[in-house]
Structure formats: structure tokens, C-alpha cells
Amino acid sequence: MAVALGKRVLDSGWIAARSTEVKLTGIQLTTTNPPSVGPKSPWMEAVVPGSVLATLVKNKVVPDPFYGLQNEAIIDIADSGRDYYTFWFFTTFDCKLSADQFLDLNFRGVNYSAEVYLNGHKKLLPKGMFRRHSLDVTSILNSEGSNLLAVLVHPPDHPGKIPPEGGQGGDHEIGKDVTTQYVEGWDWICPIRDRNTGIWDEVSISVTGPVKIIDPHLVSTFYNDYTRVYLEAAVELENRSSSVAGCTINIQVTTELEGDVCLVEHLHTQYLAIVAGKRVHYTFPQLFFYKPNLWWPNGMGKQALYNVTITANVEGHGESDTWNQLFGFRKIESSIDTKTGGRLFKVNGQPIFIRGGNWIVSDGLLRLSRKRYETDIKFHADMNFNMIRCWGGGLAERPDFYHYCDIYGILVWQEFWITGDVDGRGVPVSNPNGPLDHDLFLLCARDTVKLLRNHPSLALWVGGNEQVPPPDINTALKQDLQLMPHFQTVIEGGGKKLPVSTALSDYLDGTRIYIQGSLWDGFADGQGNFTDGPYEIQYPESFFKDDFYKYGFNPEVGSVGMPVAATIRATMPIEGWQIPFFNKVAEGYVEEVPNLIWTYHKYIPYSKPSKVHDQILLYGLPTDLDDFCLKAQLVNYIQYRALLEGYSSHMWSKYTGVLIWKNQNPWTGLRGQFYDHLLDQTAGFYGCRSAAEPLHIQLNLATYFIEVVNTLPNDLSDVAIEASVWDLEGTSPYYKVYEDLSIPSKKTTRIAEMTYPKSTNPKPAYFLLLKLYNKSDYSILSRNFYWLHLPGGDYKSLEPFRKKKIPLELTTQTFITGTTYEMEVLVQNRSKKPDPSRHSTDQNNFVTKIQHMAAGDDDYDSTSELQPAITNPQENDDDWTRKGGFFRSMSRIFSSETDGNSMRVCEVNGSDVGVAFFLQFSVHAAKDKYQEGEDTRILPVHYSDNYFSLVPGEQMRIKLLFEVPPGVTPRVILHGWNIPGGHAVHH
């Protein structure tokens, strides 16, 4: 029986060997002498997709380069020569075709070139990391048995050398090729020894009939008030047969209803006669949609996606080929804002304040997977981010990456493979004309556009990082990526308007702007000067000041990124557990001196002598690794919350957006990250999550004014703000309610100045809790908790506060589906509540109500304390679990803790009164015995919040989502500043 039409991914069964250790030719390997893994064989199990180095690490041929200093034990390609990292990859597959079927062998990414042998026949994959290869192997297929496939992969032509001092992109030789540039090392990563050589993206076989569908192009066109939308679709068809093909081409648009039920929105059919061996372009008539569900970025609305299916049917054959794509109706516009000078983005007519970050690659050994991509992107959505910038020294990201950005509503800024450091602006200056082969660069760029252009999350193309491409490449990209007439709301740069066509087939994209570089045209100073940054620790109040950053859109601003202690122990030997020395220097500043392993892993200190006093020492001298990392998390939270709150404070008046450098690390680095390479979040993750809420209450740390940031499209009325100060003794010396407020949309509103700590006898360190209420139902629209000290002071009084034993009650409910756990933990601070009438006898009903709710009085319904009201129209509680790919309501199973009861209540004993400070959940594998330094964490875990604090009487519901390895029982532990050793919540 013939194989079914469609694609089959070849992602298992691969083996590999170093080319110099294989004495057979490709013809021999794929005919008479197929290889196998054995004791005396050079062949080993391979990682595909992945790099050569990933395969060597998997088989323990080399140590893990991301552990400790082990990368130094691996020979660099500059010293070994290219042959050392030239590898054979081998696999087999079965495929039986009928007489009128065809088979393609597809490589979506090979670095850098390859020779392909199938059943004794040789084909070439030309140079270029970012190009697809599709080989018609119909005539050489063995339809009666196994097909033997061998691929000889060659490294980049110019892998370069690593100077003793390191540097940004090594000696910059890598820039001569069209490949990723970070692999020679940067100030945030060590050199990648094989320069990412390998079959780094998907390999597949695809079966078609006589007519093949090639790279369809989908565009949505809006008119008037966004209620009338037209879908345009163009497609290329190839007749692979030796006779004229009578082809009926169909386009169908469906939307998913409940379960597996789909509603057909549109269906159109067209007949074409295609000459033998020829390709034709066809553009469907516009399909009209009235009030379709629109695709919105995270925080602005839901990510509505329609399934578009294009099918080719051939007379006498039947279905010949089919293509599917999730597609979102949305329009992205961009221009330079006249008020701020920053680049302004609009989605579906609504301006969007950009808060996001920079991205390199998911893994430095290119062990890319849908599962990890989903975690990566969901983490960004969890932080309330709305944009990721794919930095030019990294990858043209993969369709799987974009798929999850579509799902979670993350806009993507995609750069091409140019960086200032490597391409003409680095030290030493090199490659001023970019890569050697400009035609190859453009071929890869055009193929990348075709690969990614149908994703609604893709927002803009950018020529390079801190540099523009060479003039001929830049001109070609401007021409290739010119906008269709309907999208030309602004002619960028004031230049001559290019001639335009209305035919979709004449455009490579046509819907997204092209910006020549990351420092041009509304980004940084707009003129290409190095005006992004800074990249180091700051005083939290600095982010709010008018002189912090001069320009309207900052594409890179970075800071610290220390992970938790468990990650240090898991990624470094005991020598790496030594915390920095704190050396006193001039003017009372401190210089941190880290150990050699931290230095190798690019640690950024928490001090900047002459500029910023050490922020960790504000909490006292750390005693050991656990103490240092805990205090680092306190700083991480404050630092990144303040960064985003500072920019949000000037939303639209001074700034249009900010991107943090950077969100994550492709290795075990110690800077610029909100989650580490093992996928555990830092406290900075949750500082960002708080600050980037669509509706957010905050304290301006420079002026001490309470502000409300409303990025939503609607005004808010009849809201109230509660501000309460709490001292370390558990009393509230300051309490204020602001009622009957109106909050305009798309604006940051100044409410009132905090008069504490200007009052008499203020505490040296204190807590501030801000809440924004909806008065109609007492629901909390936003909640923000600060720990603060007096000007010129510190947090050292928090050290004895650790000894306080605050009583907590934790009510846990667990849902299990297969190996996936969903948990809800209601955490309540049970310490003695202040008298609700302590502050004033002249109180209205609203003030009395919320005070009694906070005090936990039985006569008052306090359920509004459990969860903030839904202010983000894109997300509710069900969305939060649904988007993780988990927990369909029909398949939930209650976990029986005791006697079939799914509820479990436990207590943390204590008799002191006060704030339960800096509470953090973690999930571990339950074991009877533990070895020192053993990493028992189950990762990743998605938390609805973490590193949170509760004032006396307050309660909060925390949700956890995670998968458990087979045979492992999870153990959930609650840690806290004043919960020494942690407390088991679930076991």
C-alpha cells in the first residue's frame, strides 16, 4: 500500500561519527556497508536536530561545556581544524510510493554545508545556515525496503579564532559566512567549540501527488473600523508529472469551537491546467469576513487563530498535496512617534506600549524542541511581556518558536545576521562589507521571509544589530520587503516612494516594515550611534528619573541575573560555590571579586564602584551561597520591577517601549536572565510580571507618588486605592484610601504623594502594600508589594526579622492528568490582624469593608482577596491553564490526599505577628536520602506568582503547573525569608 500524503519528520534513529574516523564513502555507507553503533565502532547516537557538540556531549565523548570550566577541556575548532568537527549522520526510513506519487527529502537547517547520500546516490546541500533544502528523491527511492540516508556535514568556512581576551564575536571571522555569530563567544557566553555545526533543524520526508504546493502567502486586509476583513492568499504550484495536470485548488478557513468541532468560515475552489514540469502562481479571490475574531498581542486581547487549509486535487489522481497554517487576522502599523521620537507600534489600530526583551537562542548546542520552545514562550507571556527581539547574532528563529508566539501573543522583532561587533564596528574592525557572499545572504533572507511570513506574531524585520547591512544588501532588502499599498501608512525615512503593485504575488511579505538596524529609525537615537544600554546594576529610583534614558525606544537595557543557589550547585563544582569577596574601594564603594568559575560564566556584579553601592550588602554581608543567592533574588526583584515601572511611568510622554537585555541564557550564564538554562525562574521574573501588568499600580521611587499605569483601551471609573505601610513588628503606622478615582486609558496617571516616611519617627525599613480596587464588587484590579528603606539607609534590620515565626495556613488542591500536575495553594498569613478601626473613626462603607476584608473577619466575604479581578481581556484563570497545553476540564482527576479527599490543609506554626516575607514555592522529587549538592528540582514549573509576601490576615491563591517524570512523586516546598529551611506543602 502506498504511503499517505504529507510530511513525516525524521527525528529519531540517527547515528553519527567523525568523518576522519569513517573509512567508507557515502556510497558505501548507503549501499553495502550501512553503519551501526558498537563497542569498536566510531558511530554513536546522534542529536538531530542539534549540533555536533550536542551529539558528543550526549555520548560523553566530551564533558558538558556548560558545567563549570569544562568548556576549556574541549578543543576549539580553531585549534583542531574543520575536519575534527566534520561529521557523518546516518539514519534509515521506509517509504513505498504509488506510480504517481513523489517524495521530497527536506532539510530545514544545516550548518554549514553538506553532502547527502541516499541509497548510493549523491546530492549537495549548498552553503548557508538559514536556507531550506528540498531534494526530489523519487527516482532513487527504495520502495521495497529500508532507505539508507547518510549526510556529511561541514562546519562554517571561516570559524575564526578566539583571542586570549575573548571579545564580542572572537576575531570576527565568523562574519564572513552566513551563519550565527555568537558562537565565537560574547560578553555573555563562552565560545561554542564546533560553531554550531550540524543538522540543526527539522529533517523530514514529504509525499505529494503530481502537483506540489509551495510557500503559500496569506495576508489580511482591513477596512474602516476593523469589522470588514479580507483574506488574500497566493500560492505557487508545481506540476511534477510529464503531462498537463488538471488541478482543482481549494482554500478552506475554519475556526475551532468546543472540543474537536470546527466551523467552516470560507471555502473557495478554482480549476487550473498546469503544463508538465512547470510552476504557476495563483492568487485566490479575496475572502470576506465580517467581524472576525482578531489576533491581539499579550495583554491586549485574545489570540484568535483560524486554520487555513489549501488543497490541490488532480484529475485522475485525487488529492495531490495539502498545506495547513494557523493564521491570525491582525494589522500591525509602525511609525516614528512625533512626541517621543520613539518607534510606535499599533495593532488593529490600538497603540501598544512595548515591554519585552532580547532573545539569543533557546539552547547554545541547538537542542531545539517544541516542548522547550513552549516553555520559553509561555514564560515570556507569564511575565506579561508583549515583544521578543531575535538578536542579529543569533538565529532566524524556527516555525515552532513562532507557533508559540502566535499562541501566547508575543510580537517578534526578527533581525537578519549582521552585528556591529562582527560586521564593521567592533574591535578590531573587520568585515566592513559584511559576509563574503552577498547573494547567499539575500537568498537566506528571502527564504527566511517565506518560511515565517504567515505568522501573526511576526511584527517587523530588522537588518542587523547595532549595524546596517552593506549597501547592496540593505537596498535589496528594502526593495524585497516594501509594503503593499494598504500597509503604507507612513513612508519611512522620508525617501523616494517605491513603485507599488497591488498583486500579492509581487510581494515577498508586504505587510511588515523593514528597519535597517536596531539603532536607526525610532530605536535609540535613531541615527545609529551606540545609544542603547546601560548593562549593569542601577539604583532602583534611577529608572524613574527624567535623565535616565534620553530616547523614545530603548532596544537594549540590561542588568544582573544571578540564579538560585540550587542552579549554581547543579552547574558548577564545589569551587564554584564560593561567593564573591567584597573589597572596599574609594569613597565607600565595594568591588565584588567573584571566583574564576563565575567569571567564566560572565557574572555581573551587584555593585558599580563610583556609581552604585553594592545592592546585596544592603541586606548585610552574605554568609554562604544560599544566603548570597537569596539576597540576590531580593535585588533581582527590585531591580527589574523598577526598570519596567520606570519606563511605564513615562509611557507615551517620554517612551514608546523598552526591551531588556536579555530575557534568558542559551547556557549557564550569570547575567541578563529571568530564568536560567535549567528553566528555573529568578525573582526578577516575578518583578517583571508585576510591573508589566496591563493595569498596574506602582510607586514612583524617584518622586514617591502613587501612579496607575493603564495600557488597556478602556477608561476606568469608580476605582479606589488602598495604601498601607507595615513595620517589622506587624503593625501598620500608615493607612490611606483614595476613592472615586477615574483612570484614563493608555496613560500613566499620578494619584497622590506618599506622605510616609516623611512623618515623625519612620521605621528604617518598612513594607508598603498598594491595592487598586474596583469599588462595585471590591475586587482587586492590581496589587503591588514593596520593601523600602529610608533615604541613605539599608535593609539590615530585615536580618533579625528572619527569626520571626509567622503562622501560615496552606490549603492545597491537586489535579492530575497523566504526568501533569495542576495545583492551587491558598496561602494565608494567620498572624494577629490589626484592629480594622485603628486608623480613623470617620470611615465610609467602602473603607470599612476593605479593612474588615483585610482583617479576615468572618462577617465579611474576603474571597476578592484570593485572586485579582481579570483586567487583561486576553487572559482569565482558565486561559492560564489552557495555554500551558494542560488540563482539559473534561479530563481532570482529583488527587486523593487522604481518604479520597482532594483538599489538604497544613500549617506553618508560629506565634509572631508580621509580614510573611518573600515566599517562594519550589517543586522537588521526593526522596528518602539526599546527597550534598544534588539537584532534586522538577523543572520547569509555571507559577501564577512567586517570591510574594503577605501582610497579617492576607491570603493569596498560587497556581502551579508542572510535569513529573515517570515514577517520581513531587514534593512542593514553601520557602521564605522568615521560614527557615522551607516547609513541605505537598508530598
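Structural notes, computed from the coordinates. Keep in mind the model is a prediction, meaning the values are calculated, not measured. (Residues numbered from 1 in each chain as written. Predicted model: local features only at pLDDT ≥ 70, side-chain atom pairs only at ≥ 80, totals over all residues. Heavy atoms only, no water.)

Overview of the nonpolar core
So, point 1. Of all hydrophobic cores here, the largest spans 231 residues; its most connected members are Tyr 182, Trp 787, Phe 917, Phe 921 and Leu 960.
So, point 2. It is helix 10 (residues 625-649) that contributes the most residues to this core, 13 residues altogether.
So, point 3. Residues in contact with Phe 917, not counting those within four places in the same chain, are Leu 634, Phe 767, Phe 785, Trp 787, Leu 798, Phe 801, Phe 948, Ser 949, Gly 976, Trp 977 and Asn 978. (Core = buried A, V, L, I, M, F, W, Y, C linked by side-chain atoms within 4.5 Å. Buried < 20%, exposed > 50% of the residue type's maximum accessible area, 1.4 Å probe, protein only. Helix = DSSP H or I, 4+ residues; strand = E, 2+ residues; numbered from the N terminus. Contact = heavy atoms within 4.5 Å.)

Some words on the environment of Ile 473
So, point 1. As for its placement among the helices and strands, Ile 473 is situated in helix 7 (residues 471-480).
So, point 2. Taking relative accessible area as the criterion, Ile 473 reaches 0% and is therefore assigned buried.
So, point 3. Along the primary structure Ile 473 and Gly 409 are separated by 64 residues, whereas in three dimensions their C-alpha atoms are 31 Å apart.

Comments concerning the packing of aromatic side chains
So, point 1. Applying the stated criterion across every chain yields a total of 60 aromatic pairs.
So, point 2. Between the aromatic rings of Phe 130 and Trp 417, the centroid separation amounts to 4.5 Å while the plane-to-plane angle is 5°, which identifies the pairing as stacked. In this pair, Phe 130 is assigned in the loop between strand 8 (121-125) and strand 9 (133-136) and Trp 417 in the loop between strand 26 (411-415) and helix 6 (438-452), connecting sequence segments 287 residues apart. For the pair formed by Phe 130 and Trp 417, the shared burial category is buried.
So, point 3. Ring centres 6.3 Å apart and planes at 65° place the aromatic pair Phe 289 and Tyr 306 in the edge-to-face group. A residue pair is termed long-range when its members are at least 10 positions apart, and Phe 289 in strand 18 (residues 287-290) and Tyr 306 in strand 19 (residues 306-314) qualify at 17 residues. (Phe/Tyr/Trp six-rings, centres within 6.5 Å; stacked < 30°, edge-to-face > 60°.)

Topic: the pattern of salt bridges
Pairing is possible between side chains that carry opposite charge, provided their charged atoms lie close to one another.
So, point 1. One pass over the structure, following the stated rule, counts 45 salt bridges.
So, point 2. Arg 193 is the salt-bridge partner of Glu 72, the closest N and O atoms lying 2.9 Å from each other. Here the residue Glu 72 occupies a position in the loop between helix 2 (52-58) and helix 3 (77-80), and Arg 193 occupies one in the loop between strand 10 (146-154) and strand 11 (198-199), the gap between them amounting to 121 residues.
So, point 3. Among the ionic pairs, Arg 446 bridges to Asp 480, the shortest N-O distance being 2.5 Å. Of this pair, Arg 446 sits in helix 6 while Asp 480 sits in helix 7, placing them 34 residues apart in sequence.
So, point 4. Residue classification places Arg 446 among the partly exposed positions, given a relative accessible area of 32%. (Salt bridge = Lys/Arg side-chain N within 4 Å of Asp/Glu carboxyl O.)

Quick look at the sheet that holds strand 21 (residues 332-336)
So, point 1. If you walk across this open sheet you meet the three strands as 21-22-23, and the pairing is antiparallel. Edge strands, defined here as strands with exactly one partner in the open sheet, are strand 21 and strand 23 (350-352). Adjacent strand axes in the sheet meet at a mean angle of 35°, parallel and antiparallel pairs treated alike.
So, point 2. Where strand 21 lies against strand 22 (residues 343-347), five bridges are found, and the strand directions are antiparallel. In the strand pairing of strand 22, Ser 334 is matched with Phe 345. (Pairing = 2+ DSSP bridges. Axes fitted to C-alpha atoms, helices over the stretch in contact; angles between N-to-C directions.)

From the geometry alone we can't say anything about function, so treat these as descriptive.
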